[in-house]
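Tertiary structure, described
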Amino acid sequence: MLATIISAALQGIDAQVVHVEVNAGEAGEPKLILVGLPDAAVKESDDRVFSALSNSGFKPPRTRTTINLAPGNLRKEGPFYDLPIALGILAATQQITTAQITQWMIAGELSLSGATRPVRGALAMARLARREGKRGLLLPAVSAEEAALVEGVEVYRVDSLDAAVRFLTGEQTIIPLKPAQYRLGPLPASKAGALDFSEIKGQHTLRRAVEVAVAGFHNILMIGPPGSGKSMVAKRVPSIMPPPTLDERLEILSIFSAAGRTINGELAWDCRPFRAPHHTVSDVALLGGGTIPGPGEISLAHQGVLFLDELPEFKRSALEVLRQPLEDGDVTISRSAGKVTLPCAFMLVAAMNPCPCGYLGDPKHECRCSPTQIQRYRSKISGPLLDRIDLHIEAPALSIAELRSDQLGESSQRMRERVAASRERQLTRFRSTKTTANARMTHAQIRQHCAINAALGDLLQHAMEQLSLSARAYDRILKVARTIADLAASEKIEAPHLLEAIQYRSLDRAVFY
Ligand SMILES: Nc1ncnc2c1ncn2[C@@H]1O[C@H](COP(=O)(O)OP(=O)(O)OP(=O)(O)O)[C@@H](O)[C@H]1O
Ligand SMILES: [Mg+2]
Ligand SMILES: [Zn+2]
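A brief structural summary.

Reading guide: rules and limits
- Residues numbered from 1 in each chain as written.
- Chains lettered and ligands numbered in written order.
- Predicted model: local features only at pLDDT ≥ 70, side-chain atom pairs only at ≥ 80, totals over all residues.
- Helix = DSSP H or I, 4+ residues; strand = E, 2+ residues; numbered from the N terminus.
- Buried ≥ 20, exposed ≤ 12 C-beta atoms within 10 Å, placed from the backbone.
- Contact = placed C-beta atoms within 7 Å.
- Axes fitted to C-alpha atoms, helices over the stretch in contact; angles between N-to-C directions.
- Parallel < 35°, antiparallel > 145°, perpendicular 65-115°, else oblique.
- Left-handed = near helix turned anticlockwise from the far one by under 90°.
- Expected span 1.5 Å × (residues − 1).
- Arc of directions from axis to C-beta.
- Core = buried A, V, L, I, M, F, W, Y, C linked by C-beta atoms within 7 Å.
- Nonpolar A, V, L, I, M, F, W, Y, C, P; charged D, E, K, R; others polar.
- Pairing = 2+ DSSP bridges.

Along the polypeptide, R157 turns up in strand β9 (residues 154-157). On the basis of neighbour counts, which here come to 22 C-beta atoms within 10 Å, the residue R157 falls in the buried class. In the structure, R157 is positioned 122 residues away from H279 in sequence and 40 Å away in space, judged by C-alpha atoms. Beyond its immediate sequence surroundings of up to four residues, R157 is in contact with L139, A141, A144 and L177.

Now the structure itself:
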């Protein structure tokens, strides 16, 4: 007899319907034939399903049985289908009778004992179930809680094969999970206060630059000697970002869900992500990919911060491939399994020393680097990448007196309030367009919203000539000036706004330091 169970396959951060067809009682010697999965996964799934069936008091099939995961051209992950395969075998061998089993979408890994284990991508699967008009989903714990964030489908948590059987046969009722909106409330004060800007001493220019960067969602590069607090500042950037909107949280969660990261509690449900991959990170881990293409660090940083510490230490190839995602806010990964596009609208925060030894320009330490060494170090960051970083800021070493002082710096909360006010202005400005922040203005929008009068135009031209700024700095300066004006609640870009923005292009200068 033929039984069909509905499940899904993850494609990037979306899911597609998969039919798990089980045909039992075929002529021939008794064995299980599983098609539609990679070879290695088939064997493992077989073993788990057989063991789970017998340990739950059921009989493994005694006839030739074919299991087909259709469509065959979709790349699938083995463990995902343990539960649907086991249920399919039970239905096909008539060990259970269930009405309308196809109104459910089912997934879950099985342990040898028959207990369920979470799978990645439950959020995408819940969205698919709703799109497909399914009544609901049967999922293991954690996956079920994730799926419950999607409204409009019922989510039933099943902890074992046995619990799934009793639910489907009507032997036992399970109360569907409530949409987990409580998780989407405001930021709890304790968490927001965990890493706070008040701990940063001195560094007024750096703090200001970071505030400007966050306000307009501009990428920023910090240049300074070891111990000047660059890493410390970077880690605190999320604490001054406005809390994500409901839509943004779902986007962030979808990505973490597809990467299987929510399963081990790696993401606080209500914070913007902060990702800091090491400079030895592989291209696949950075950009995404794998046999079943999944999100990389740049997508995990979506709507949050990607921190690249020691920027020149990254492989040049890795930095080059960042250019397109930085521009577009998404990344397309091609694999034999097909192409997927994943969102990656992150804010880049990068840090570097001014030279290989770190002490160039430091009044207290002598720099021992030769001009060639310094040149080689800088040239690792290509012009086109620098071009996509709106603000460059120098962070000098702190004086001993500053480090010893007990004075607290301004709190993240105060900074966040100013950032939020300027974001409001931007959202009003870009209403009914796709742009969400000044950094993402199109060329036409720059012309429209960053108009400066003739006097300021002369000032900018003069500054660019004096400082030998490259032509590509021009639009960057205007965008940053727009954000500075927004922070000052000014309709127009005025001279002080423009002058401050010009200062944030130190790496474009022909002479550095
Ligand atoms: N502005 C600061 N306020 C308070 N403490 C600071 C400050 N700057 C540095 N420190 C202290 O120095 C330590 C090192 O700072 P941090 O790691 O942020 O420096 P860095 O600029 O990233 O250095 P490196 O170039 O070596 O990575 C911090 O853990 C902190 O204790
Ligand atoms: Mg550091
Ligand atoms: Zn040096």
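This part takes up the packing of helix α7 (residues 204-216) against helix α17 (residues 412-429). For the pair α7 and α17, interaxial distance at closest approach is 8 Å and the crossing angle is 40 degrees. The orientation of α7 with respect to α17, classified from their angle, is oblique. Relative to α17, the crossing made by α7 is right-handed. Between α7 and α17, the contacting residues are E211, V214 and A215 on the first element and M415, R418, V419, S422 and R423 on the second.

Taking 1.5 Å per residue, 18 residues should reach 26 Å; α17 reaches 26 Å between its end C-alpha atoms and fits that length. Among the residues making up α17, those that are buried are S412, M415, R416, V419, S422, R423 and Q426. Buried positions in α17, seen along its axis, are confined to an arc of 135 degrees and lie on one side of it. Opposite the buried face of α17, at more than 90 degrees from it, the exposed residues are E417, E424 and T428. The elements touched by buried residues of α17 are α7 and α20 (473-487).

Now for helix α9 (residues 246-258). The end-to-end C-alpha distance of α9 is 18 Å, a good match for the 18 Å that 13 residues give at a rise of 1.5 Å each. Of the residues making up α9, those classed as buried are I252, L253, S254, I255, F256, S257 and A258. Summarising the contacts, the buried residues of α9 are in contact with β1 (2-11), α3 (122-131), α4 (143-147), β13 (294-295) and α11 (297-300). G260 sits one or two residues past α9 and shows a positive phi near 75 degrees.

The next point concerns the nonpolar core. The biggest cluster of nonpolar side chains holds 140 residues, and the ones touching the most others in it are A86, M125, A126, L137, A147, I220 and A481. Excluding anything up to four places from it in sequence, A126 contacts L137, A147, V150, V153 and V155.

At a minimum axis separation of 8 Å, α17 and α20 run at an interaxial angle of 115 degrees. Relative to α20, the element α17 is oriented roughly perpendicular. Judged by the sense of rotation from one axis to the other, the crossing of α17 with α20 is right-handed. From α17, R418, S422, R425 and Q426 reach across to α20, where they touch T483, D486 and L487. Here the residues of the contact of α17 with α20 are counted per class, giving one nonpolar, three polar and three charged.

Before going further, it helps to spend a moment on unusual backbone geometry. Residue A70 is joined to P71 through a cis peptide bond whose omega torsion reads 0 degrees. Tracing the chain through its elements places P71 in the loop between β4 (64-70) and α2 (82-92). Phi at Q94 is positive, roughly 55 degrees, even though this residue is not glycine. Inspection of the secondary structure puts Q94 in the loop between α2 and β5 (104-106). If you check the backbone angles, E310 has positive phi at about 55 degrees while not being a glycine. Relative to the assigned elements, E310 resides in the loop between β14 (305-308) and α12 (316-321).

Across the two faces of strand β10 (residues 220-223) the burial is the same, with I220 and M222 and L221 and I223 all buried. Relative to strand β17 (residues 347-352), β10 runs parallel, the two being bridged by four bridges. Bridged to I220 within β17 is V349. Pairing geometry for β10 and strand β18 (residues 391-394), over four bridges, is parallel. Bridging from a neighbouring strand, L221 pairs with H392 of β18.

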